[in-house]
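Residue-level structural notes
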Amino acid sequence: MKTAERAGKQCASALLVAGLLVAGCGQAKKEKPEAAPSRSVEPKIVEVQEADADLLQNVPVGAASTNAALAEGDRAWQDLVQLIRPPSYPPEWETNEPSKEAVAEFERSNALMAVRAADKAKEFYAKFPTHEMASGARDRELYLLGVAVQLGNTNVAQRLTALEAEKLKDPKLSEEERLQLRLGQLQRATSQGKDGDSPAATLAKEAADGGGPAELQTAAEALLKKLDRLGKPLAIKFKAIDSREVDLEALKGKVVLVDFWATWCAPCMAELPKVKAAYEKLHAKGFEIVGISLDREKQALEKIVTREKIAWPQHFDDGGEGNKFGEEFGIESIPTMWLVDKKGNLRELNGREHLVERVEKLLAE
């Protein structure tokens, strides 16, 4: 499946759980969408696999039982399903762009909500171990803890790791479930990746060499390629939509954010105020941004660049077969933000997290 086709699926499933889950959008080839996406605000991104979407859906409980304990369990399960329904965005966000403080508070609140829901799921299977949805509650505990960690609540990271390790030892675990667990570990490890000896690299090498499912090996190999780029020059050269000539080689001496994004991607648009704020604060100190747009239509990109007064250059691929740089660098989801140091070497694969602090650190070198 092409990266373009994966993108729509990832973004669609991401939006299903918007609110509790921070989602990113996958890369999409430039074709007219079936329907124009509604304007929504997404806090920071976490990738959502399509197979995970059902974890937050309202599934039916068991048939009515004359056994009081089972009936109580059914009611408890219904309460749990209600608890993990994703909250709606504040209505005013539909017409007024929220402040970064409002988005940060929304993320913090949702992270705590995910932890509380995970705790309730644990309480459910502990109290009703023989209920037909006990296994489902275990799955939701694991999934929601992953949501919380990716939203920034690292206090439950150790609990999540322990649950994953326990589940991976289960001989009854299907290959698909095992794949999803390993892919989730790889995605989290990517944000920790700094060099070839990072946890991400170690995990990716194990997955790539482990003889597991082909999809997992492919994902691991793609991650290894990204990690292998760290510490090496990043070759990007193009003519921007405003006719500026852009060449990272010519930007040596500056810290550069390479921002893979698209105007149709709600999480990307939610990140834009943060990126603009970082640019305004640090541009005079030697910070530059290069936008790599994965938009389907050039006119849509130009409209947003004008409306939002985006000062940095934007690449748009007129080829019609996807995005040159997105495919070359294996960009599977957006927003993806890479940081290049003053020597022209790629230093960060996850510039999105704590952007200002990371840029300031690189500027000080």
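All chains use their own residue numbering, which begins from 1 and follows the written sequence. Residue-level local features of this predicted model are given only where pLDDT is at least 70; pairs of side-chain atoms are given and counted only at 80 or more, and the full residue set underlies all totals for whole chains, interfaces and linings. The basis for every side-chain value is the complete set of heavy atoms in the structure, and neither hydrogens nor water enter the calculation.

1. Quick look at the overall build of the protein chain
A run of DSSP states H or I qualifies as a helix once it reaches four residues; a run of E qualifies as a strand once it reaches two. Both are numbered from the N-terminal end. Regarding its fold elements, the protein chain presents twelve helices and nine strands. Put simply, the protein chain has 365 residues, and 51% of those count as buried. Contacts are assigned to residue pairs with any non-hydrogen atoms lying within 4.5 Å of each other. Across the protein chain, every contact between residues at least 6 apart in sequence was considered, and the portion connecting residues at least 24 apart equals 67%. Note that accessible areas follow from Shrake-Rupley with a 1.4 Å probe, and for residues the cover is restricted to the protein chains shown. Taken as a whole, the protein chain presents about 18,000 Å² of accessible surface, with 51% of it coming from carbon and sulfur. Burial status follows relative accessibility: with a 1.4 Å probe on protein chains alone, a residue under 20% of its type maximum counts as buried, one over 50% as exposed, and anything between as partly exposed.

2. Observations regarding the packing of aromatic side chains
Centres within 6.5 Å make a pair out of two Phe, Tyr or Trp rings, where for Trp the six-membered ring is used; the pair is then stacked when the planes are under 30 degrees apart, edge-to-face when over 60, and tilted otherwise. By the definition in use, this model includes eight aromatic pairs. Each ring, one from Phe325 and one from Phe329, has its centre 6.2 Å from the other, and the planes form 15 degrees; the classification is stacked. On the accessibility criterion, Phe325 (2% relative accessible area) is buried. A relative accessible area of 2% means that Phe329 is categorised as buried. Over the aromatic face of Tyr125 sits the side chain of Arg138, whose NZ or CZ is 4.0 Å from the ring centroid. For the cation-ring pair, Arg296 lies above Trp264, with the distance from its terminal atom to the ring centre recorded as 4.4 Å. Here, a charge over a ring means that NZ of Lys or CZ of Arg falls within 6 Å of the ring centre while also lying within 35 degrees of the ring normal.

3. What to know about the sheet that holds strand S8 (residues 336–340)
Between any two strands, pairing holds if DSSP finds at least two bridges. One open sheet accounts for five strands, arranged S6-S5-S4-S8-S9; its pairing is mixed. Of all strands in the sheet, those with a lone pairing partner are strand S6 (314–315) and strand S9 (346–348), marking the two edges. Pairing between strand S5 (residues 287–293) and S6: two bridges, direction parallel. Note that in S6 the partner of Gly291 across the bridge is Gln314.

4. Digging into the pattern of salt bridges
Put simply, a salt bridge is a Lys or Arg side-chain nitrogen that is within 4 Å of an Asp or Glu carboxyl oxygen. As enumerated under the stated definition, the model contains 17 salt bridges in all. Here Glu107 ties to Lys274 by a salt bridge, and the two come within 3.7 Å at their closest N and O atoms. Of the two residues, Glu107 sits in helix H3 (residues 100–127) while Lys274 sits in helix H9 (residues 266–282), which places them 167 residues apart along the sequence. Salt bridges sharing partners connect three or more residues here, namely Glu107, Glu271, Lys274 and Arg352.

5. Considering the pairing of S8
Counting buried positions along S8 gives five out of five residues, so the element sits mostly inside the fold. Of the two faces of S8, both are covered, the one formed by Thr336, Trp338 and Val340 as well as the one formed by Met337 and Leu339. Sheet analysis places strand S4 (residues 255–261) next to S8, joined by five bridges and oriented antiparallel. The residue bridging Leu257 from the neighbouring strand is Leu339, located in S8. With two bridges connecting them, S8 and S9 associate as antiparallel partners. Bridged to Leu339 within S9 is Glu348. The antiparallel pairing of S8 with S9 creates a hairpin that spans five residues between the two strands, and Gly344 there sits at a positive phi of about 90 degrees.

6. Looking at the packing of H9 against helix H12 (residues 355–363)
Axis definition: a line fitted to C-alpha atoms, limited for helices to the stretch in contact. Angles are taken between N-to-C directions and run from 0 to 180 degrees. At their nearest, the axes of H9 and H12 sit 10 Å apart, and the two run at 30 degrees to each other. With respect to their mutual orientation, H9 and H12 come out roughly parallel. Seen from above, H9 lies across H12 with right-handed handedness. In contact with Val275, Ala278, Lys281 and Leu282 of H9, H12 contributes Leu355, Val356, Val359, Glu360 and Leu363. Under the scheme applied, nonpolar residues are Ala, Val, Leu, Ile, Met, Phe, Trp, Tyr, Cys and Pro; charged residues are Asp, Glu, Lys and Arg; polar residues are all the others, including Gly. Looking at the contact of H9 with H12 residue by residue, the classes come out as seven nonpolar, no polar and two charged. Oblique is the label for any angle not covered by the other classes, which are roughly parallel (under 35 degrees), roughly antiparallel (over 145) and roughly perpendicular (65 to 115). The hand of a helix crossing depends on one turn: near helix anticlockwise from the far one by less than a right angle means left-handed, and clockwise means right-handed.

7. Structural notes on the environment of Thr263
As for its placement among the helices and strands, Thr263 is situated in the loop between S4 and H9. With relative accessibility at 15%, the residue Thr263 sits in the buried group. Distance in space between the C-alpha atoms of Thr263 and Asp295 is 6.4 Å, their sequence separation being 32 residues. If sequence neighbours within four positions are ignored, Thr263 has contacts with Met269, Asp295, Ala300, Leu301 and Ile304. Throughout this description, a polar contact denotes any pair of N or O atoms lying within 3.5 Å of each other; where both atoms belong to protein, one of them has to be capable of donating a hydrogen while the other can accept it, and for residues adjacent in sequence the pair is counted only when both atoms sit in side chains. Of the polar contacts made by the side chain of Thr263, one reaches the side chain of Asp295; its length is 2.4 Å.

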